[in-house]
Each structure stands twice: as structure tokens, then as C-alpha cells.
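Breakdown of the fold
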Amino acid sequence: MSDILDKTEEIVKKAKGLGADEVIAKTTFGKYRQVRFSNNQVDITVAWNDYVTDVALAWKKRVVATQIHDFTDVDASIKNLMGLAKVSQENPTFGGFAKGKFKYAKSKPDKKLEDLESPTELVLEAIGAAEKEAGSKVDSGGILLTRFEDVYLASSEGPMGFDSRSAIEFSIRAFSEREASGHGVECSSTLKGFEPARAGAKAGEIAKLAKSPKVGDEGVYDVIFDPLIFGSMLGVWGPMASAFYIMIQMSVFVDKLGKKVGPEIVTLKDNPSAYSVSNRVFDDEGVPTRETVIIDHGVLKTYLHNASTAKMFKAETTGNAGLVSPNAWNIEMETGDYGKEELFKETKRGLYLTNTWYTRFQNYAKGDFSTIPRDGIFLIEKGEIKQSLKDIRVSDNALTMLGNIAAISKERQHVHWWGEADPPSLSPYVLIKNVHITKSK
Amino acid sequence: MEEEIVDYALEYAQSKKIEYAEVRAQSQVQDRLTLRNGILEAYVSSVDSGFCVRIIADGGIGFASTNKWSKEEAKEIVDLAFKYAKAANRKEKLVFAEEKGVKTKWTVDQKKKIENISPEDRISTFADVDKALASCGVKIAATMSQCSIDLTTEYFVNSEGSRISSFVPKIGAFIFITVTEQGKTEQAYEQFGYSGGWEAFRDWNIPERMIHSAKVLKDVITKAKAVKPGDMDLICGSEVTGIAAHESCGHPMEADRILGREMSQAGRSFIYKGSQYWLGTRIGSDAITVVDDPTVEHSYGYYPYDDEGVKARRRFLYKNGIINEFLHNRESAAKLGTRSNGSSRSVNYDREAIVRMANTFVLPGDFAEEELIEDVKHGIYMKSFTEWNIDDKRFNQRYVGKEAYLIENGELNGPVARPVIETTTLKFWTAVDAVSKEIEFDAATCGKGDPSQGIPVYTGGPCLRLGKVYVK
């Protein structure tokens, strides 16, 4: 371990020796394993071994970066990078990389994940659980992904550290009929507590309920969001808090600091802590990651920053540095007072949505967008599911929907799915009032 | 790239009890420039190089990749791929459709070699876009520009005797702008892409295109009227034609999707065996033929051989309104009893090649663009789009107009704000009653796969006239 950290630090020293003002090097040894399945059978099992050192340096406020894949090739790569810096353009807003010596929380990787030999068995277990719920004719597909990364970081500005990150993610979609499906996910940083069968059972349960869907009607509905689809909404609001997205106006939170953006019951945080599949003890500048309250009881408290954007906004870094811009790591929504069943009881006539995809904006600053629910869409009448629906679209506004959150469940689920419910989140069941629904004509 | 290690990996794979093996090596010189409000945030320049092994054994498929170039590592990933192939334990054994081995080399020509363009010139070309926008008479509140340069060298070998070497230079650009007028904002982006050299920038004329976009957004804020919803004629500009061709023809015609292999992510298709839609059934009017063609020279999705070494050709997806031919790789073709049509693509050495589009477009018709408009009594000309999406069976889609005009008595009568068509694939393509002669392409990045593989494509076509569709 120390050998790799030494080599990573050596890159920093070499770049400094060539005249760089500030340098960060981050070496990642990644092992990734994935099982993809469909029609209840494994289609392919994939293994990636990835070795890379990301190097970012600044010279007279010119910021350049590269990747080095082989420690024997460091001299030429750094020389080239310095050459690039010298002909690059000044970024007058660059405020420098994070400075200081930090102590980091201890990494808690699950070594069992690194050595997981038979991921296929976990997949078959989940397929079996879906069949148990929805019958033997259910048709399931999805992925199981394990991720194990050793990360070594050295910075000329002080930070230096090692982090070991593990994660396992499972996603299953089960079809009980051609147009009746359910989706379940299971995400964890350790094998302990990871139950793919739970995701299979949920997918099967929804798929069974979703049978014989009818085309839904346009209108304005009170909508209960399942944790998975609400994870997609958190994946909209969370990244919009990045200072970079604020500066390019791809956010509904521009000029909203200190202002009310949601009701009192809404508190949103970013927190890549140990349970999360995006767990990390430091960011890409070596700043310790932490819990950051983005929205506190409806009031927007902060944007997500790296050291440079923090300086521009006269704030402090929030430990969200990525290579170029600040990123949201893991969005958490604070729990509410409602049980899941109570949310249904609250809803006289509304919808229960379980998943969505293809969220697209016509204007990020205003927040106008649409997204297409899938995998179990249900009409609720007098607190009960009355009918399975299909072929509808949520066509609304991201800021208005945040403001219309009316109730939040006590229970939450850690969700992450493909590029749709991304970044990962800790997501509850949520009731949002007056959601606009459209359909094809 | 060390071809000796690639050959060794194949040889070692063939020493095992396998049905098929391939090794695909790729080296990408990648430059990424990101400008925020005209300021260069960062210039990222790197080389990513590695190789993957894909093996069929006992009817299962295993895939493994590495970026460490050594024989020991090659051996390790072959062992992993072999182990995973056998562990699949499939009831229905996988095979690939038959292909003969191919030995060839191919490259894409550059008139102005990217390698000879200095970083300073690359940066200033982009900075000029912001300078032009700053003096165009429209209040630009924010911009974000990204330029991508990829010089990709590939070496592909398989157990059937294929040996294919290639070199492809690609340039892409993405510009996002926010216009503020009268206290209101509108936003738009433009994407550009090309396989070839730096000459692309002259043809793109990005400053002029972005100034046009900015003025369109200003008009949307200051002049555009709302649409009175109802049934009316709709003229789709080539950009709207292209996105519809991509989303509601190209994607549902991907055979892996039809067979369910993407069911958990990108979804399935409204086309499947036993449904009312299959090969030979009607999905649109006689006037429309949609093709996917990787052989369009210098296109963003150009390739003469796919990532399974299969020779590429034009595919007629919807032919005169009839569902005609799916997009296939060797796995899907074998399952449906046909041959691959060269649709297997991967973004890098560490991703499996899957069924993808290349350049999907509607073939031109007989009308001049003006002729399409002059026959419309009351309608909308949706020249370009902003928000769009489609469901995962590729049937219910929505396109929101960016640059759009009201048509009255055969003439354009001022801009309209954000007209929306939300309709089905069947209704959209059936409503086409006239197609213009001129064809244009737009660059796009198509998303599919898990992990996601954003792949360069063209979308495009002529202008289409749709008779009596609901616009709101």
C-alpha cells in the first residue's frame, strides 16, 4: 500500500520539480465484476481490471489534467502535461486546490466482495424470489455489479491519504405480462445486509399488481413516489446544487441561497458515508467528505463546492471535488412522520409511481421537464390501489414539485439504478401534490 | 498498443475448450476541453489503452478487460473470461451467427490533421464562440462548451481468423447557452460531431450556429405566441425528423432489445414475436423509409467493419412504411436465424460490443421544403426540438419545439413558444404525407448499455409533413 502511495507522491514531486504550482495525483486500482441477465438466464459475466493515476496540475492558473496508466511512463506524461499547461489558457477564477493536512475516517471495505467467486448464485436467488411473488412465468432481467477500489491520493497542498471502497449493486426488472413489470434494487457497501432476494421479491410483487394495465388519463394528481422513482428526483435536485451547475445555470437553485425552495418537512443532504455505494473518506482534492445539509427544512443552505468554487462563492469546500467540478455523492432525504400505508390513506384519488426513465429538461433554470414512469403505475382511490395503468408521462416543473411535497415516509431505502436513479440516494416514499400527467394523443 | 500481447491472449484462449474467442485492443488519445462562460476550466489530455477478451464456452459468454499490458495480465483476463463463460450455466446455449474471418486495415482520412493543431489553436477556436456570442445583440447569461477529440487505434482478432486494424479520428463539440431577456430565461444546446480531421470546424461554423440559436431563444421570449392546442398539420425540420428516426425507429429495431437482453435498462420494444408489429407489418405511410447506415463517410457514426469484425452496410429499417430489417450483432442474429448486419459497437476496450445504431435517417422524398409549407392552411413548423423523450418500448414519444413557427395559409406567421407533439410511433409515421428533397444530419450521443456506453451517431433526414396531428 505505502509503495503505491509513495509512487503517487513521486508524481506530485516530479510535477512540482518541473515548475507546477499545485499538483494532485490520485491512483485507483479498481476491480469490477458484473453479471448481466435477461429472460431468467445469465447473458454475460464481465470483469474489468483498471489501473489509473489521475493527475491534475495548475501553473499560473492554467489547469490541466491527464491519466497515467503505467508508473514506468511517468516522466514523459508529466513533461507533456507541463508543456500543455504552458500553452493553455488562464482560468482567472481558479482558486487553487484544497490546502491542509487532514485526518480521514477509517475506510471500511468489505474484503469478501473483492473475493466474491459466485455472483451468479445471488442472481438466481433474486430471480427465484421474483417468481415466488409473480409466478413461474415471470420474466426477469438485470445486473449484479461489485466494485472494489483502492485509492491513493497525494497533493502538493498537503492532503495525502488512502481509501478502500467497496460496493455491491443489484437491479432486477420482472415482467409478469408483456406490459406489466416491476423493478427492484438492492445497494450496499458490504455483503452483510445485502439481500438480492428482497429486490427480486419487490420486482415480482409490483409486476403481479401491474397486470392488465389500462392507458392512464391526463390530469393533475396527488402522486405517491416509491423510493426508486423518488431516487430519480433526488438525482435531479442533488446535482443541481453543484456550484458548477449553478454557474452554467443548469439548475433551479440559481440565486436561491437562503431562500425557501420547499416546505418545512424537506431536508436534503449529501453524505457519502460508509453504507453508501458511493462511500469515500475524501474527495478528489483530498478533503474529508462529510454530511452537508443542502436544504434545511425547506431553505436552501449551501451549494456543493470544491476548494476553487468555494472561494468564488465566499464559502467553504463541502468535500465534493471531482476532477473538474463539484459532484453530489449520495443524496439523503430526511425521514418524515408517515408510514407507507398512511401515505396511501392520505390519498383520496391519486397515483402510485414506482420507477421512471428518460428525464429531460427544456429549461434547467426554470425547471420544466418531463419523465416517463414505468414498471408499475397505479391509480389510487380512497387510499387503495384500484387499477394498473400505462402510457403516461409526468410533465411538470422540478422546483414546483419540490415545493409540493406534502408527506414523507419514516422508512427509506438506499437506491441506485443505471443512469436514472443516479447519484445514489437514501430515499423515502413521498407524496407530492398536484403533479401534472400527460399522455399521447 | 502491443499487438504481440493481443495475439498471445488469443492463442492462450484457443488453448482452452472454447467455442469462440476474440481479443479487441484499443488505444484512445483523448483531449477534453471544458469552457465555462468563455473561461477554460480545464484541458484534460490522456491516453487510454487496453484490451478485452470475450469467450464463448459451454454456451455462455465471459468478458474481461485490463489496461495493464503484460502477458501475465493477458493470461489472467483470459482465465477470468473463460471461468465466467462456463459459470453462466445457461439452459439455452448461446452461439454466434456464422461469419468468415476478415483480414483488413482501415482508416479515416483527415484533410487537416488533428495531431498538427496546437492546443493553443484548439482552445482559441472554442473561445471564439463565446466572443461571437458576447457581441451578437442577445443577453447571454451563461455558456458551457465542451470539445472532445478522440484518436482511436484498434486491433481486433478472433478465433475464426479475423485480423482487423483501424484508426479513426473523431471530433465532437457541445455548446449549451442560457439567454435572458425581459427577466425570463430560455436555454438551448447544439451538438456537433465528425469522423475526420480539424476541417470539421470550418464546415460546422459554430459561432454562426450559436448566434442563430441565441436569436431564436430571444424571439421565443420576446415574440413567440402560445399554440392553441388542436389537430393541425405539422412540418418537422430535419432535426426533429432525425430524433424521431432515432428514437421510434432505430431503437425499437435493435434486435437485442426485441429479444429482451436490455429489458432491465433501456427496455424492450413494441416490436416482438406474437405482437401486431413484426417484420412485414406496416408502421407508417408509404412515404417514409428509414435507414441506418454506418458507411456514410466522415459521419459521426462511421465504420466499415463493426466491433465483431463484420462488414458494415446500409440497413433499411422501415421501408416504405413497412417494418423491414432489425439491427443485429452475431448473438441476436443467431437467435433469430439470420446473419449479422454489422451493428455491433463498443465505446472502448473495457465495454462489451452490443447492438447499436450508427447514422439513422429518413431517406429524401420529392418535395421542396417550400412546397410542404405552402399546402398547409393552419399548422406548425417545428424546425428543431428541446425537451424530448420516449417510453422504453419506444412507442409513446414527446418532442418540444425549440425553433418553431405558426403556418397560416401556406406562409410562416411568426414564432410560437414551445409547441409540443406527444404521440405514438404508429401515429407519427402514419401521419407523414410528404417528404422533402433536402437531407441534413445532426450529431448525437446515443445512450445504451450498463455501464452506459454513449456512442457517436448521426440522426437526420429531410423535412416531413404530418397531416392533422394533435399539437399543444
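All values reported here derive from a predicted model rather than from experimental measurement.

Take the overall build of chain A next. Summing up its helical and strand segments, chain A has ten helices and 18 strands in all. For a compact globule of 441 residues, the expected C-alpha radius of gyration is about 22 Å, and chain A comes in at 23 Å, within 12% of that figure. With the C-alpha coordinates aligned to their principal axes, the bounding extent of chain A is approximately 70 × 50 × 40 Å. Taking all 441 residues of chain A together, 61% fall into the buried category. For chain A, the share of sequence-separated contacts (at least 6 apart) that also reach a separation of at least 24 residues comes to 75%.

Attention now moves to the overall build of chain B. The secondary structure content of chain B amounts to ten helices and 24 strands. Since a compact globule built from 472 residues should have a radius of gyration of about 23 Å, the 24 Å found for chain B is in line with a globular shape. Overall, the C-alpha framework of chain B stretches about 75 × 55 × 35 Å when taken along its three principal axes. Evaluated residue by residue, chain B yields a buried proportion of 58% over its 472 residues. Intrachain contacts of chain B at a sequence separation of at least 6 include 75% that bridge at least 24 residues.

Right, let's talk about the domain arrangement of chain A for a bit. All names here are of chain A. Per the domain assignment, the segments of chain A are domain 1 (2-206) and domain 2 (213-441). The centre of domain 1, based on its C-alpha atoms, is set 23 Å off from the matching centre of domain 2. Contacts between the two partners involve 36 residues from domain 1 and, on the opposite side, 34 residues from domain 2. Counting residues per element, the ones that place at least two in the side of domain 1 that touches domain 2 are β1 (22-38), β2 (41-59), β4 (139-155), β5 (160-177) and β6 (180-188). At eight residues, β5 tops the list of elements feeding residues into the side of domain 1 that touches domain 2. Partitioning the side of domain 1 that touches domain 2 into residue classes produces 17 nonpolar, eleven polar and eight charged.

Below, the discussion takes up the pairing of strand β15 (residues 384-390) of chain A. Residue and element names in this part refer to chain A. In this sheet, β15 lies alongside strand β7 (residues 214-215) in parallel orientation, the contact comprising two bridges. Along β15, the bridge assignment pairs Val-215 with Lys-390. When strand β14 (residues 368-381) meets β15, the two strands line up antiparallel, connected through five bridges. Residue pairing across strands places Glu-381 opposite Glu-384, the latter belonging to β15.

Think of interface size as the accessible area that goes away when the parts come together; that is how it is often given. Each partner contributes to the interface: chain B provides 66 residues, whereas chain A provides 58 residues. Counting residues per element, the side of chain B that touches chain A draws most heavily on strand β2 (residues 39-57) of chain B, at ten residues. Within the side of chain B that touches chain A, the residues separate by chemical class into 25 nonpolar, 22 polar and 19 charged.

This brings us to the domain arrangement of chain B. All names here are of chain B. Domain assignment breaks chain B into domain 1 (3-222) and domain 2 (230-471). Relative to domain 2, the C-alpha centre of domain 1 lies at a distance of 22 Å. With 35 residues of domain 1 in contact, the opposing surface of domain 2 contributes 29 residues. Counting only elements with at least two residues in the side of domain 1 that touches domain 2, the list comes to β1 (20-36), β2, β3 (60-66), β4 (103-107), β5 (140-158), β6 (163-181), β7 (184-195) and α5 (206-222). Looking at which element gives the most residues to the side of domain 1 that touches domain 2, the answer is β7, with six residues. Taken together, the residues of the side of domain 1 that touches domain 2 break down into 18 nonpolar, twelve polar and five charged.

Next up on the list: helix α6 (residues 238-250) of chain B. Taking 1.5 Å of rise per residue, 13 residues should cover 18 Å, yet α6 of chain B covers just 16 Å from first to last C-alpha, more than 12% shy of that figure. The buried fraction of α6 of chain B is high, at 13 of 13 residues.

On to the packing of helix α1 (residues 2-17) of chain A against helix α2 (residues 74-87) of chain A. For any two helices packed against each other, one specifies the crossing angle of their axes together with the interaxial distance. All names here are of chain A. Their axes nearest at 10 Å, the elements α1 and α2 cross at an angle of 45 degrees. With respect to α2, the axis of α1 lies oblique. Handedness of the α1/α2 crossing: right-handed. Contacts from Ile-11, Lys-14 and Ala-15 of α1 reach α2 at Val-74, Asp-75, Ile-78 and Met-82. The residue makeup of the contact of α1 with α2, split by class, is five nonpolar, no polar and two charged.

Residue and element names in this part refer to chain B. The end-to-end C-alpha distance of α5 is 24 Å, a good match for the 24 Å that 17 residues give at a rise of 1.5 Å each. Every buried residue of α5 is accounted for by Ile-206, Met-210, Ile-211, Ser-213, Ala-214, Val-216, Leu-217, Lys-218 and Val-220. Where the residues of α5 are buried, they touch α3 (119-134), β5, β6, β7, α4 (200-204) and β19 (411-415).

The next subject is the nonpolar core. Ranked by size, the top nonpolar core spans 281 residues in total, and within it Leu-57 of chain A together with Val-53 and Ala-81 of chain B carry the most contacts. The residues contacting Ala-81 of chain B, other than those within four sequence positions of it, are Val-53, Arg-54, Ile-55, Gly-62, Phe-63 and Ala-64 of chain B.

With that out of the way, let us pick up the pairing of strand β10 (residues 292-296) of chain A. All names here are of chain A. Where strand β9 (residues 268-270) and β10 come together, three bridges link them in antiparallel fashion. In the sheet register, Lys-269 faces β10, and the bridge partner there is Val-293. In the sheet, β10 pairs with strand β11 (residues 299-300) via two bridges, with the strands oriented antiparallel. Paired with Ile-295 across the two strands is Leu-300, which belongs to β11.

Calculation rules
Residues numbered from 1 in each chain as written. Chains lettered and ligands numbered in written order. Predicted model: local features only at pLDDT ≥ 70, side-chain atom pairs only at ≥ 80, totals over all residues. Helix = DSSP H or I, 4+ residues; strand = E, 2+ residues; numbered from the N terminus. Rg over C-alpha atoms; globule rule 2.2 N^0.38 Å. Buried ≥ 20, exposed ≤ 12 C-beta atoms within 10 Å, placed from the backbone. Contact = placed C-beta atoms within 7 Å. Domains from an automatic or database assignment. Nonpolar A, V, L, I, M, F, W, Y, C, P; charged D, E, K, R; others polar. Pairing = 2+ DSSP bridges. Expected span 1.5 Å × (residues − 1). Axes fitted to C-alpha atoms, helices over the stretch in contact; angles between N-to-C directions. Parallel < 35°, antiparallel > 145°, perpendicular 65-115°, else oblique. Left-handed = near helix turned anticlockwise from the far one by under 90°. Core = buried A, V, L, I, M, F, W, Y, C linked by C-beta atoms within 7 Å.

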